[in-house]
Amino acid sequence: MLTFFGPAFSATLILFQNIVPISLVITVELVKTIQAFFIWQDIDLYYEPLDLPCVPKTWNISDDLGQIEYIFSDKTGTLTQNIMEFQKCAIGGISYGEGITEAMLGAAKREGRDTSAVDPAQNVGMLVQRKEQMLDTLRAGFKNRYLRPDKVTLISPPMAEALVATGTEQARALGEFWRALAICHTVLTERPDEEDLNVLEYKAESPDEAALVSAARDAGFAFVSRTSHEISIEALGQPERYVPLRTLAFNSARKRMSSIVRTPDNRILLICKGADSVILQRLREDHDQAVIDRTSKQLEDFANAGLRTLLISSRYLAEDEFQSWSKVYDKACAAIVDREEEIERACELIEHDLVILGATALEDKLQEGVPEAIAMLHQAGIKLWILTGTTKILKRYS
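Residues numbered from 1 in each chain as written. Predicted model: local features only at pLDDT ≥ 70, side-chain atom pairs only at ≥ 80, totals over all residues. Heavy atoms only, no water.

Colleague: Is there a simple way to think about the pairing of strand 2 (residues 80–91) in this case?
Modeller: Successive side chains on a regular strand alternate, one facing one side of the sheet and the next facing the other. Two strands pair when backbone bridges link them, and strand 2 and strand 12 (residues 355–366) are joined in this way by eight bridges, in the antiparallel orientation. Its bridge partner being in strand 12, Glu-85 is matched across the sheet by Glu-363. (Pairing = 2+ DSSP bridges. Helix = DSSP H or I, 4+ residues; strand = E, 2+ residues; numbered from the N terminus.)

Here it is in structure tokens:
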């Protein structure tokens, strides 16, 4: 009897090992329901602004707890507000901008440094004073009827002082830089206030472009209007007219855009802005290496501060060079087969021998509650990786 029972019992265990008693299923579902109730009741998961607790949408949510170790996320629009503010720039090897970004403040806190001197929330009065000092310097130097004091985000009295110091090399470099930002774009203007036509609103394909043109406006180089035959700007209070010749559009493969215009003195100017990785490859061979090194270091500092960077460059074209190239470009635009590739090859023929004008750095502020959410993920042992920007920097928050 025992001899028979042993193999039979073993065979029964093997055959019915996947069968779960109904009572155990009911017990597990009851446990999940109780766990969901505790999640709903957890005060740490309560969101006060909307008066909402955490609402479990499925009883199986507790099965996934503790299973996630890594989160890979985009930054722009996912963690940020997608609202750009012009915070810093580098022109002629000199860095301008006194704003403190959220990333810089967070890094200081992680390193245990005193943040009272750099925290914008604790230094509003000082920043307002520095901003007014800069605006007073600009107003004393020239008339800017399009200035929007409430929209100014670049705070840099030294930049204002250098800009109004006419006749100096740095003032010339600043003028070329801000003119380039006022000309090289696809922005459209809008006058929302019929009673005050000096109020300009900029409509752009991306918030980056609108922020760059707005910063140029508040620095004294306002983009006023555009037609197919003319680009109007007001530089240091004086109107200037440029004739648009070609616009080489930005795309994710090119990582740059260019505008070719005829200047008021009848010269042909190419302005190119884009990622530093593509602009640096297209500089003239005899470019001042010291300027390249300083600008590259400043771009790295901007990127480490969590800012979105662009490199601005330009060169003048000979009349015969432009006429010869325009035929190639027009032919590429009319191509039926491999049109995009033909246009790219045509652009490569003209976008070279560039000279650095400067670099820009925009801040895309985090959405409300993101730092706290990242801190909670850290407490839970979850590692967050963020791939962002045009520079090859991978941010890890763990």
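Now that the structure has been shown, the text picks up again.
Colleague: Whenever I open this one, the pattern of salt bridges confuses me. Can you help?
Modeller: Note that side chains of opposite charge can pair when their charged atoms are close. This model, assessed by the stated rule, comprises 27 salt bridges. Between Asp-218 and Arg-217 there is a salt bridge whose closest N-O contact spans 3.0 Å. With respect to burial, Asp-218 and Arg-217 carry one shared label: buried. One salt bridge in this structure joins Glu-348 and Arg-282, with 2.8 Å as the shortest N-O distance. With Glu-348 in helix 12 (residues 339–350) and Arg-282 in the loop between helix 9 (276–279) and helix 10 (289–304), this pair connects stretches of sequence that are 66 residues apart. For Glu-348, a relative accessible area of 33% puts it in the partly exposed group. Judged by its relative accessible area of 12%, Arg-282 falls in the buried class. (Salt bridge = Lys/Arg side-chain N within 4 Å of Asp/Glu carboxyl O. Buried < 20%, exposed > 50% of the residue type's maximum accessible area, 1.4 Å probe, protein only.)

Colleague: Even after reading the chapter, I still don't get helix 11 (residues 319–333), so can you show me in this structure?
Modeller: Every α-helix carries 3.6 residues per turn, so stepping three or four residues along brings you back to the same face. Compared with an ideal rise of 1.5 Å per residue, which puts 15 residues at 21 Å, helix 11 spans 21 Å between its outermost C-alpha atoms and is within 8% of the ideal. Where helix 11 is concerned, the buried positions are Phe-322, Trp-325, Ser-326, Tyr-329 and Ala-332. Relative to the axis of helix 11, the buried residues are bounded by an arc of 120° and lie together on one face. Exposed side chains of helix 11 directed beyond 90 degrees from the buried face belong to Asp-320, Lys-327 and Lys-331. On the buried face of helix 11, the contacting elements are strand 8 (238–248), strand 9 (256–262), strand 10 (268–274), strand 11 (308–317) and helix 12. (Expected span 1.5 Å × (residues − 1). Arc of directions from axis to C-beta. Contact = heavy atoms within 4.5 Å.)

Colleague: What am I meant to see in the nonpolar core here?
Modeller: One broad rule of soluble globular proteins: the nonpolar side chains tend to lie buried together. If you look at the biggest cluster of nonpolar residues, it comprises 50 residues, and the most contacted ones within it are Phe-86, Cys-89, Ile-91, Leu-174, Trp-178, Leu-181 and Ile-233. By residue number, the principal contributor to this core is helix 7 (residues 169–183), which donates eight residues. Every residue in contact with Phe-86, bar those within four places of it in the chain, is listed here: Thr-153, Leu-154, Trp-178, Leu-181, Ala-211, Leu-212, Ala-215, Thr-360, Ala-361 and Leu-362. Of all hydrophobic cores here, the second largest spans 30 residues; its members include Ala-275, Phe-302, Ala-305 and Ala-346. (Core = buried A, V, L, I, M, F, W, Y, C linked by side-chain atoms within 4.5 Å.)

Colleague: Help me understand unusual backbone geometry in this model?
Modeller: A positive phi angle, close to 55°, is found at Leu-236, a residue other than glycine. Its place among the elements puts Leu-236 in the loop between strand 7 (231–235) and strand 8. The phi dihedral of Asn-266 is positive, around 70°, even though this residue is not glycine. Structurally, Asn-266 can be placed in the loop between strand 9 and strand 10. The exposed category is assigned to Asn-266, whose relative accessible area is 53%.

Colleague: Please explain the sheet that holds strand 8 as it appears in this structure.
Modeller: Sheets are built from strands that pair by backbone hydrogen bonding, the pairs being arranged parallel or antiparallel. Spatial strand order, 3-2-12-11-10-9-8-7-6: nine strands in an open sheet with antiparallel pairing. Two strands close off the open sheet at either side, each with one partner strand: strand 3 (94–96) and strand 6 (221–226). In this sheet, neighbouring strand axes are inclined to one another by 30° on average, regardless of whether the strands run parallel or antiparallel. Pairing of strand 2 with strand 3 involves three bridges; the strand directions are antiparallel. (Axes fitted to C-alpha atoms, helices over the stretch in contact; angles between N-to-C directions.)

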